[in-house]
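# Report on the structure
Here is how the chains run, residue by residue.
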Amino acid sequence: MKVAVVGAGHIGRIHCRCYSEHPDTELVAVCDLSTALADQVAAEFKVKAYYDLETLLERENPDIVSVATGGFENGSHHYQPVMAAIAAGKDVLVEKPISNNIEEARDMVRFAREKQVRFCCNLNHRFTPAARKAKEWLEAGDLGDLLFINMKLTIGNPNETSPWIHLRALHPHSFDVIRYFAGDIRRVQSFLTKAPGRSVWSTASINLEFASGAVGHLTGSYDMFGGHPIEACEVAGNKGRFVLDNVYESLTYYPHRQEELKVYRNSIMNGMRGFNDTFRNRISAFVQQVMEGTAPEKMEASGADALAVQEMIEAAIRSHENGGVPVEVPQPAV
């Protein structure tokens, strides 16, 4: 399948590398508004450079368009290329956040549904062997009825461009992992703070109430050191609980009333080699589903999933703006 990547920055380069190395895809073009950047990355991957998407779509007719642009809060430059690719009938993978503008996010999902194209998002933290194994345990009933989930995602990021950059740019990952394991969230209640010398809401504590009746919590921060473990997810039910440590490194199941544990670890021989492998895994899953003809509404980490997590983030922002009151989360359309 022929693939075009829109956005030739750091993340766009990762997309280009993943597609160029995939046995079932051919990277045919790179597009960026910066001619110098487009030319540089196109030369690196030995493909054609374009500076406007309409011309690329007309001349190359790709099967897949990967949108890896950035913009304000890492999402303001997604809408135009995504809408153009959907209008052309292409299957689309967009970087997270789907958009920093919730109305644009809703519009993209609506348009993709109307055009019946596959529209997905790079919510890559769920695409690890450990996360899939945890999902297997959950679906097999090893945890029983869900009771609570605790999620932590903390990195070091000095970005000061927006009061909400931390929530909108980082926590699509957190909320997607939470939703992947525990389903839709009914209400959120958020409390945010600023580290000394910062102007943005750089650390967050968010209480969660799920549609299932389970409860949970998210701790997030832009104020930690990324050299230490950045992520942990604990999911518990009335039969047991698991802890997924640092995205993919290890997974431990703690059965109730048993002293023996079950541990799943990343293999040093054939396991994930680093965080960039989450991109490779996510893109490979997208390509496989496109090749298999998976129905748009059955795609993993779809645009609708990405919209659902942005709705949760916007509800958390409204909660903070209103003094930490619980806020209802708009539920996704069926």
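The text that follows walks through the structure, step by step, so that each part is easy to find.

Residues of helix α2 (residues 35–45) that are buried: Ala38, Val41, Ala42 and Phe45. Buried residues of α2, viewed axially, fall in a sector of 105 degrees; they line one side. Exposed positions of α2 whose direction lies more than 90 degrees from the buried face are Ala36 and Ala43. Summarising the contacts, the buried residues of α2 are in contact with α1 (10–21), β2 (26–31) and β3 (48–50). Lysine 46, located one to two residues past α2, shows a positive phi value of around 60 degrees.

For the rest of this paragraph, the subject is a nonpolar patch on the surface. A contiguous nonpolar patch, built from Leu147, Phe148 and Val215 and spanning about 240 Å² of accessible area, is present on the exposed surface. Relative to the assigned elements, valine 215 resides in strand β10 (residues 215–221).

Turning to the packing of aromatic side chains, a few remarks are in order. For any pair of aromatic rings, the description consists of the separation of the ring centres together with the inter-plane angle of the planes. In total, this model carries four aromatic pairs according to the counting rule given. Between phenylalanine 181 and phenylalanine 242, the ring centres sit 5.2 Å apart and the planes meet at 70 degrees, which makes this aromatic pair edge-to-face. Here phenylalanine 181, found in helix α8 (residues 172–182), pairs with phenylalanine 242, found in strand β12 (residues 240–245); they are 61 residues apart in sequence, far enough to count as distant. Overall, phenylalanine 242 belongs to the buried group, its relative accessible area being 0%.

Attention shifts here to the nonpolar core. Counting 39 residues, the largest nonpolar core has Phe175, Ile178, Phe181, Ile185 and Ile206 as its most contacted members. If we skip the residues at most four places from it in the chain, isoleucine 185 touches Phe175, Ile178, Leu208, Glu209, Phe210, Ala211, Met312, Val329 and Gln331. In this structure, Val6, Val28, Val65 and Ile102 belong to the second largest nonpolar core, which totals 34 residues.

A cis amide bond, omega -10 degrees, links lysine 96 with the succeeding residue proline 97. The residue proline 97 is located in the loop between β5 (91–94) and α5 (102–115) in this model. Here asparagine 61, not a glycine, exhibits a phi torsion of approximately 45 degrees, which is positive. Its place among the elements puts asparagine 61 in the loop between α3 (53–60) and β4 (64–67).

Attention now moves to the pairing of β5. Side-chain alternation along β5 places Asp91 and Leu93 on one buried face and Val92 and Val94 on a second face that is also buried. When β4 meets β5, the two strands line up parallel, connected through four bridges. In the strand pairing of β5, serine 66 is matched with leucine 93. Where the polypeptide runs from β4 across helix α4 (residues 79–87) and back to β5, its parallel neighbour, the crossover connection is right-handed. With respect to chirality, the unit in which β5 leads through α5 into the neighbouring parallel strand β6 (residues 119–121) is right-handed.

Calculation criteria
- Residues numbered from 1 in each chain as written.
- Predicted model: local features only at pLDDT ≥ 70, side-chain atom pairs only at ≥ 80, totals over all residues.
- Heavy atoms only, no water.
- Buried < 20%, exposed > 50% of the residue type's maximum accessible area, 1.4 Å probe, protein only.
- Helix = DSSP H or I, 4+ residues; strand = E, 2+ residues; numbered from the N terminus.
- Arc of directions from axis to C-beta.
- Contact = heavy atoms within 4.5 Å.
- Patch = residues over 30% accessible without salt bridge, like charges linked within 9 Å, V, L, I, M, F, W, Y side chains within 5 Å.
- Areas by Shrake-Rupley, 256 points an atom, 1.4 Å probe, with all protein chains shown as cover.
- Salt bridge = Lys/Arg side-chain N within 4 Å of Asp/Glu carboxyl O.
- Phe/Tyr/Trp six-rings, centres within 6.5 Å; stacked < 30°, edge-to-face > 60°.
- Core = buried A, V, L, I, M, F, W, Y, C linked by side-chain atoms within 4.5 Å.
- Pairing = 2+ DSSP bridges.
- Right-handed = clockwise from strand over helix to strand, strands pointing away.

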